[in-house]
Amino acid sequence: QVQLLESGGGLVQAGDSLRLSCAASGRTFSSYAMGWFRQTPGKQRELVAAIGSGGSTNYVDSVKGRFTISRDNAKNTVYLQMNSLKPEDTAVYYCAADPIYIVVVIQKRASYWGKGTLVTVSS
């Protein structure tokens, strides 16, 4: 069982930066693929970024060059550094974990989910 707790969301202006954090429970964090998803009302959930246990990363095109996903296995934490934020980045951001990287990246699914943190970007 893995429990995930996101933090770091908030209200910012366009062009600002935010760093989201996701603290995970469990002793096998380092073996899990981690992902950040986002969702807005009426829209399908979208995978924003993912990182495998070996450090490989994947990003949705709309955030490439602006967002960076990273992990600190010693702290059981995954981060999403978001720069040059745009109003269209406004969403609830969810942290997710799965033992299998392609489940997150290809199937856009995960076994474990956090409750989400709201990011609002004003224009």
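Because the structure is predicted, anything quoted here is derived from the model rather than measured.

A. Quick look at the overall build of the protein. The number of helices and strands found in the protein is one helix and 11 strands. Across the protein, helices and strands are ordered from the amino to the carboxyl terminus as β-β-β-β-β-β-β-β-β-α-β-β. The globule rule puts the C-alpha radius of gyration for 123 residues at 14 Å, and the 13 Å found for the protein is close to it. Buried residues in the protein amount to 42% of all 123 residues.

B. Representation of the state of the cysteines in the model. For the coordinates displayed, the defined rule picks out one disulfide. One disulfide in the model links Cys22 with Cys95; its S-S distance is 2.1 Å. On the sign convention where negative means left-handed, the S-S torsion of about -80 degrees between Cys22 and Cys95 marks this disulfide as left-handed. Of this pair, Cys22 sits in strand β3 (residues 18–24) while Cys95 sits in strand β9 (residues 91–98); the two residues are 73 residues apart in sequence, bridging distant segments of the chain. According to the relative accessible area criterion, Cys22 is buried, its value standing at 0%. The exposure class of Cys95 is buried, given its relative accessible area of 0%.

C. Highlighting the side chain of Asp98. Examined against the element boundaries, Asp98 turns out to sit in strand β9. One buried charged side chain, Asp98, makes no salt bridge at all; its nearest oppositely charged neighbour is Arg109, positioned 5.9 Å away. One polar contact links the side chain of Asp98 to the main-chain amide nitrogen of Ile100, over a distance of 2.9 Å. Sequence-distant contacts of Asp98, that is, excluding residues within four places in its chain, are made with Tyr32, Ala33, Val103, Val104, Ala110 and Ser111.

D. Representation of the nonpolar core in the model. Within the largest apolar cluster, 29 residues are counted, with the highest numbers of intra-cluster contacts made by Leu4, Met34, Trp36, Val78, Leu80, Met82 and Tyr93. Those elements giving two or more residues to this core turn out to be β3, β4 (33–39), β5 (46–51), β7 (67–72), β8 (77–82), β9 and β11 (117–122). Excluding anything up to four places from it in sequence, Val78 contacts Leu20, Ser21, Cys22, Phe29, Met34, Trp36, Ile51, Ile69, Ser70, Arg71 and Cys95. Listed in part, the eight residues of the second largest apolar core include Phe37, Leu47, Ala50 and Val104.

E. Molecular detail of the pattern of salt bridges. Within the structure shown, the criterion is met by four salt bridges. Between Arg38 and Glu46 there is a salt bridge whose closest N-O contact spans 2.7 Å. When its relative accessible area of 28% is taken as the criterion, Glu46 is described as partly exposed. Here the salt bridges share partners, and the residues they tie into one network are Arg38, Glu46, Arg66 and Asp89.

F. Looking closely at the pairing of β9. With respect to burial, β9 is a largely interior element, six of its eight residues being buried. As judged from the seven bridges shared by β4 and β9, these two strands associate in the antiparallel manner. Counterpart to Met34 in the pairing with β9 is Ala97. As paired elements, β9 and β11 share three bridges and run antiparallel to each other. Within the sheet, the bridge partner assigned to Ala91 lies in β11 and is Val119.

Each value, and the rule that gives it
Residues numbered from 1 in each chain as written. Predicted model: local features only at pLDDT ≥ 70, side-chain atom pairs only at ≥ 80, totals over all residues. Heavy atoms only, no water. Helix = DSSP H or I, 4+ residues; strand = E, 2+ residues; numbered from the N terminus. Rg over C-alpha atoms; globule rule 2.2 N^0.38 Å. Buried < 20%, exposed > 50% of the residue type's maximum accessible area, 1.4 Å probe, protein only. Disulfide = S-S within 2.5 Å. Lys, Arg positive; Asp, Glu negative; His and termini not counted. Salt bridge = Lys/Arg side-chain N within 4 Å of Asp/Glu carboxyl O. Polar contact = N/O pair within 3.5 Å; in protein donor to acceptor, adjacent residues only side chain to side chain. Contact = heavy atoms within 4.5 Å. Core = buried A, V, L, I, M, F, W, Y, C linked by side-chain atoms within 4.5 Å. Pairing = 2+ DSSP bridges.

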